[in-house]
Amino acid sequence: MTSVLTIILQRLGLGLVTLFVVSIVIFTAVNLLPGDFAEAILGQGATPEAVASIRRDLGLDQSPIVRYFQWLGNMVTGDLGTSFAQLNFQTNLGGGDLVGVAEQIAPRFANTMFLAGVTAAIAVPFAVGLGILAALFRNSAFDRATNITTLSSISSPEFFLAYILILFLAVLNPVLPSLSNIFQGMSFGERLEKTLLPALTLTLVVTAHMMRMTRAAIINLLASPYIEMARLKGISPMRVIVRHALPNALAPIINVIALNLAYLITGVVVVEVVFVYPGIGQLFVDSVKIRDIPVVQACCLIFAAAYILLNLTADILSILSNPRLRHPK
């Protein structure tokens, strides 16, 4: 148990170091974006004095190193800052109370998590089930058809799959709405209906990896002596796979599932834009357009933290599911 705890603490420490390095990359990349927020807000009539005044008010005239450590310190304390667009709105239009970046991101992130949860609820059982059946009937017509279909879906861009589903499920056969106009106060059924089409798009994208890893992991174990013994005892092939092979193949399956769940949070930008889904990906794209640096940096850091956290979770679950990792020699 002590060795497992040590490994977990080491993984957590490496995760924090990775997140720190990623924060440097994010800050550098965002500040290298072409264009300037002050010039974008003031438009073509911007004077050098007005641009300098806005940059001074927003703290953009300070050195990048000072701004990075100020931003990092605020992140550590949970302060994501205030949107540049909100500051400009209050200054020029007399807006009310400022809405911080955290308040802007929170409902959008909740929407993205709902989309990821619906997709995971569909994709994980579907992919694992397909993988088990493909391993059970390997080299059959079903196995070949499943591989061709899943590889075709994963090889297609997300926006192409989205438009195909919109054509067949929203235009030719109006079963689901083509736009996911989610808002506060919707019932669970309405939210689920409007989320289903982007969830199906993401399901087509992530199913192939999980299905093929499940298939490969199970087939790799079918030649093991204990599997042969189970077959000689007359146990049905499905029970041999589900009861004996699958539990020992969990480590690689858990890893690929965790990676795909990370993609559902960090890689949904294109799908959210196509369906106008009010998630964090859509907010990220809108903020990049207007050079709203605090929102862009916060979104990127959330994406990175989610990806690192899910990878750490996959590592820890793999260790707990594999006795050879729990008790290293």
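Model, not experiment: these values are computed from the prediction.

Draft legend 1. Quick look at helix 7 (residues 141-155). Compared with an ideal rise of 1.5 Å per residue, which puts 15 residues at 21 Å, helix 7 spans 21 Å between its outermost C-alpha atoms and is within 8% of the ideal. Buried within helix 7 we find Asp143, Thr146, Asn147, Thr150 and Ser153. Here the buried residues of helix 7 occupy an arc of 140° about the axis, which is enough to place them on one side. Pointing more than 90 degrees away from the buried face of helix 7 are the exposed residues Ala141, Arg144, Ile148, Thr149 and Ser155. Where helix 7 is buried, its residues touch helix 6 (101-136), helix 8 (158-171) and helix 9 (188-221).

Draft legend 2. Here's a closer look at the packing of helix 6 against helix 7. Taken N-terminus to C-terminus, the directions of helix 6 and helix 7 make an angle of 140°; their axes are 8 Å apart at the nearest point. With respect to each other, helix 6 and helix 7 are oriented oblique. The two elements helix 6 and helix 7 cross, and the hand of that crossing is left-handed. Contacts from Leu130, Leu133 and Ala134 of helix 6 reach helix 7 at Phe142, Asp143 and Thr146.

Draft legend 3. Focus on the packing of aromatic side chains. Counted under the stated rule, the structure contains 7 aromatic pairs. By way of ring pairs, the aromatic residues Phe27, Tyr68, Phe69 and Trp71 are connected into one cluster. Over the aromatic face of Phe114 sits the side chain of Arg191, whose NZ or CZ is 5.6 Å from the ring centroid.

Draft legend 4. Inspection of unusual backbone geometry at higher detail. Phi at Asn139 is positive, roughly 65°, even though this residue is not glycine. Summarising the element assignment, Asn139 is placed in the loop between helix 6 and helix 7. Exposure remark for Asn139: the relative accessible area of 55% places this residue in the exposed category. Here the phi dihedral of Val276 falls at roughly 50°; this positive angle occurs in a residue that is not glycine. Its relative accessible area of 48% is what places Val276 among the partly exposed residues.

Draft legend 5. Spotlight on the confidence of the model for the chain. When pLDDT is averaged along the chain, the result is 81; 88% of the residues meet or exceed 70. Across the chain, element-level confidence peaks in helix 6 with a mean pLDDT of 89 and bottoms out in helix 5 (residues 84-93) with 56.

Draft legend 6. Structural detail: the environment of Val276. On the secondary structure map, Val276 appears in the loop between helix 13 (269-274) and helix 14 (280-289). Residues Val276 and Ser180 lie 96 residues apart in sequence; the distance between their C-alpha atoms is 6.1 Å. Leave out the neighbours within four places in its chain, and Val276 touches Leu179, Ser180 and Gln282.

Draft legend 7. Representation of the environment of Leu14. Locating Leu14 in the fold gives a position in helix 1 (residues 2-31). Given the relative accessible area of 54%, Leu14 is considered exposed. For the pair formed by Leu14 and Ile308, sequence separation is 294 residues and the distance between their alpha carbons is 9.7 Å.

Draft legend 8. Representation of the nonpolar core in the model. Within the largest apolar cluster, 51 residues are counted, with the highest numbers of intra-cluster contacts made by Leu197, Met210, Ile218 and Phe275. Going through the elements one at a time, helix 6, helix 8, helix 9, helix 10 (225-232), helix 11 (237-248), helix 12 (250-266), helix 13 and helix 15 (293-321) are the ones with two or more residues in this core. Broken down by element, this core gets its largest block of residues, 12 residues, from helix 6. Beyond its immediate sequence surroundings of up to four residues, Ile218 is in contact with Ile132, Ala135, Ile241, Ala245, Leu246 and Ala249. Grouped together as the second largest cluster of nonpolar side chains are 23 residues, Val30, Leu60, Met75 and Ile280 included.

Draft legend 9. Focus on a nonpolar patch on the surface. On the surface, a nonpolar cluster with roughly 830 Å² of combined accessible area is contributed by Phe159, Phe160, Tyr163, Ile164, Leu167, Phe168, Val171, Leu172 and Val270. In terms of residue count, helix 8 provides more of the nonpolar patch than any other element does, 7 residues in total. When you line up the elements, Phe168 lands in helix 8.

Draft legend 10. Just the pattern of salt bridges, in detail. The tally for this structure, following the rule as stated, stands at 1 salt bridge. A salt bridge links Asp143 to Arg215, with the shortest nitrogen-to-oxygen separation between them at 2.7 Å. Here Asp143 is found in helix 7, whereas its partner Arg215 is found in helix 9, with 72 residues between them in sequence. Both residues of the pair, Asp143 and Arg215, count as buried.

Draft legend 11. Here's a closer look at the side chain of Ser23. In this fold, Ser23 is placed in helix 1. Filtering out sequence-adjacent residues up to four positions away, Ser23 remains in contact with Tyr68, Trp71, Leu72 and Leu301.

Draft legend 12. How the structure looks around the side chain of Asn260. The residue Asn260 is located in helix 12 in this model. Filtering out sequence-adjacent residues up to four positions away, Asn260 remains in contact with Val206, His209 and Met210.

What counts and how
Residues numbered from 1 in each chain as written. Predicted model: local features only at pLDDT ≥ 70, side-chain atom pairs only at ≥ 80, totals over all residues. Heavy atoms only, no water. Helix = DSSP H or I, 4+ residues; strand = E, 2+ residues; numbered from the N terminus. Expected span 1.5 Å × (residues − 1). Buried < 20%, exposed > 50% of the residue type's maximum accessible area, 1.4 Å probe, protein only. Arc of directions from axis to C-beta. Contact = heavy atoms within 4.5 Å. Axes fitted to C-alpha atoms, helices over the stretch in contact; angles between N-to-C directions. Parallel < 35°, antiparallel > 145°, perpendicular 65-115°, else oblique. Left-handed = near helix turned anticlockwise from the far one by under 90°. Phe/Tyr/Trp six-rings, centres within 6.5 Å; stacked < 30°, edge-to-face > 60°. Lys NZ or Arg CZ within 6 Å of the ring centre and 35° of its normal. pLDDT = per-residue confidence, 0-100. Core = buried A, V, L, I, M, F, W, Y, C linked by side-chain atoms within 4.5 Å. Patch = residues over 30% accessible without salt bridge, like charges linked within 9 Å, V, L, I, M, F, W, Y side chains within 5 Å. Areas by Shrake-Rupley, 256 points an atom, 1.4 Å probe, with all protein chains shown as cover. Salt bridge = Lys/Arg side-chain N within 4 Å of Asp/Glu carboxyl O.

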